[in-house]
Every structure is written in structure tokens, then in C-alpha cells.
Amino acid sequence: KWHVRKECYVFLLNKILSALAGSEPQNQLEGQDVYGHLDSIIPQILKEKNAVALDAAISLSTLYADSCIGACSVEAATHIMLSLAKGPAFSSSRSSTLALTEDLFLKLIEI
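Computed from a predicted model, the values in this text were never measured in an experiment.

What follows is about the environment of Pro43. Its location among the elements puts Pro43 in helix H3 (residues 38-45). Separated by 41 residues in the primary sequence, Pro43 and Trp2 have C-alpha atoms spaced 17 Å apart. Setting aside its immediate chain neighbours within four residues, Pro43 contacts His79, Ile80 and Ser83.

Below you can see the structure in the form of C-alpha cells.
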């Protein structure tokens, strides 16, 4: 169910924000400290088919790329970028999805 997946993405996003404890995101967090498999699920969630859940997945992925050490490697950034490119984000007709996709894309270029 898409609404359950969306709530899971929001939950993980809030766990990252909580782990930051008010600090600015600077790739200082270990993904496993937030969730044991966070580094490996980020590329997978970008294949989300539901538009509303996809927005939450992209928001989580952007915060992950900004906050977690696991996103800093070229290999991880490449996997995330490939999932983003192959997934439904770029073909979305929703302006919110396209804006979030652009933010994530630009963040990955920084890495």
C-alpha cells in the first residue's frame, strides 16, 4: 500500500532529522545509525510508482544525500542517480515531483 510506504519514508526522514539534533546536515551521520539498511534502500525507494509516495521518497533521498556519509562515495551517488534516472521521477507531470527531483539531482552532482 502506497500510503504505508509514504509514512515509512516520512518516518525515516524524521529519524535523520532527529539524529542531526538541530545541526546542519554535513554528511556526518552513519546511515546504519538511523536504520540498519538505509544506505541500501535509498536507490530502491526512488523506483516508487505512486506519485505522493515518490515525493516523500525523493525528499528522504535528498536529506540522506545531504546528511549521511554513505552518500558521499561515487559508487553510492551513481547508484542513486541511476535509480533516479530509471525511475518515474523525471517523467512525472507533477511540478512538486519535478522540483524535488531537480533538487536531488543537483545535490548528487555536488557529491
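Okay, the packing of helix H1 (residues 2-20) against helix H4 (residues 51-67) next. Look at H1 against H4: their axes get within 8 Å of each other, and the N-to-C directions meet at 20°. With respect to each other, H1 and H4 are oriented roughly parallel. Every pair of crossing elements has a handedness; the one defined by H1 and H4 is left-handed. Along the contact surface, H1 presents Trp2, Lys6, Tyr9, Val10, Leu12, Leu13, Ile16, Leu17 and Leu20, while H4 presents Val52, Ala53, Ala56, Ala57, Ser59, Leu60, Leu63, Tyr64 and Ser67. Residue composition of the contact of H1 with H4, grouped by class: 15 nonpolar, two polar and one charged.

As for its placement among the helices and strands, Ser61 is situated in helix H4. Looking at Ser61, its side chain comes within polar contact range of the main-chain oxygen of Ala57, at 2.8 Å. Every residue in contact with Ser61, bar those within four places of it in the chain, is listed here: Ile42, Ile45, Leu46 and Leu104.

Our focus in this paragraph is the packing of aromatic side chains. The relative placement of two aromatic rings is captured by the distance of their centres and the angle of their planes. If you walk through the whole model with that rule in mind, you get one aromatic pair. Pairing Phe90 with Phe105 gives two aromatic rings, centres 6.1 Å apart and planes at 80°, and the pair type is edge-to-face. Of the two residues, Phe90 sits in the loop between helix H5 (74-86) and helix H6 (95-110) while Phe105 sits in helix H6, which places them 15 residues apart along the sequence.

Moving on, we come to H1. With 19 residues, H1 should cover 27 Å at 1.5 Å per step; its first-to-last C-alpha distance of 27 Å lies within 8% of that length. The set of residues buried in H1 consists of Tyr9, Leu12, Leu13, Ile16 and Leu20. Buried residues of H1, viewed axially, fall in a sector of 100°; they line one side. Summarising the geometry of H1, the exposed residues directed more than 90 degrees from the buried face are Phe11 and Ser18. Each element contacted by the buried residues of H1 is listed here: helix H2 (31-34), H3 and H4. Following H1 by one or two positions, Ala21 has its phi on the positive side, about 50°.

On to the nonpolar core, then. Nonpolar side chains in soluble globular proteins generally cluster together in the buried interior. Counting 28 residues, the largest nonpolar core has Ile16, Leu38, Leu60 and Tyr64 as the members making the most contacts within it. Sorting the residues of this core by element identifies H1, H3, H4, H5 and H6 as the ones contributing at least two each. Examining the composition of this core, we find that nine residues originate from one element, H4, more than from any other. Those residues in contact with Leu60, other than ones at most four positions away along the chain, are Tyr9, Leu12, Leu13, Ile16, Ile42 and Ile45.

Conventions used here
- Residues numbered from 1 in each chain as written.
- Predicted model: local features only at pLDDT ≥ 70, side-chain atom pairs only at ≥ 80, totals over all residues.
- Heavy atoms only, no water.
- Helix = DSSP H or I, 4+ residues; strand = E, 2+ residues; numbered from the N terminus.
- Contact = heavy atoms within 4.5 Å.
- Axes fitted to C-alpha atoms, helices over the stretch in contact; angles between N-to-C directions.
- Parallel < 35°, antiparallel > 145°, perpendicular 65-115°, else oblique.
- Left-handed = near helix turned anticlockwise from the far one by under 90°.
- Nonpolar A, V, L, I, M, F, W, Y, C, P; charged D, E, K, R; others polar.
- Polar contact = N/O pair within 3.5 Å; in protein donor to acceptor, adjacent residues only side chain to side chain.
- Phe/Tyr/Trp six-rings, centres within 6.5 Å; stacked < 30°, edge-to-face > 60°.
- Expected span 1.5 Å × (residues − 1).
- Buried < 20%, exposed > 50% of the residue type's maximum accessible area, 1.4 Å probe, protein only.
- Arc of directions from axis to C-beta.
- Core = buried A, V, L, I, M, F, W, Y, C linked by side-chain atoms within 4.5 Å.

Take it as geometry only, folks, not as evidence of what the structure does.
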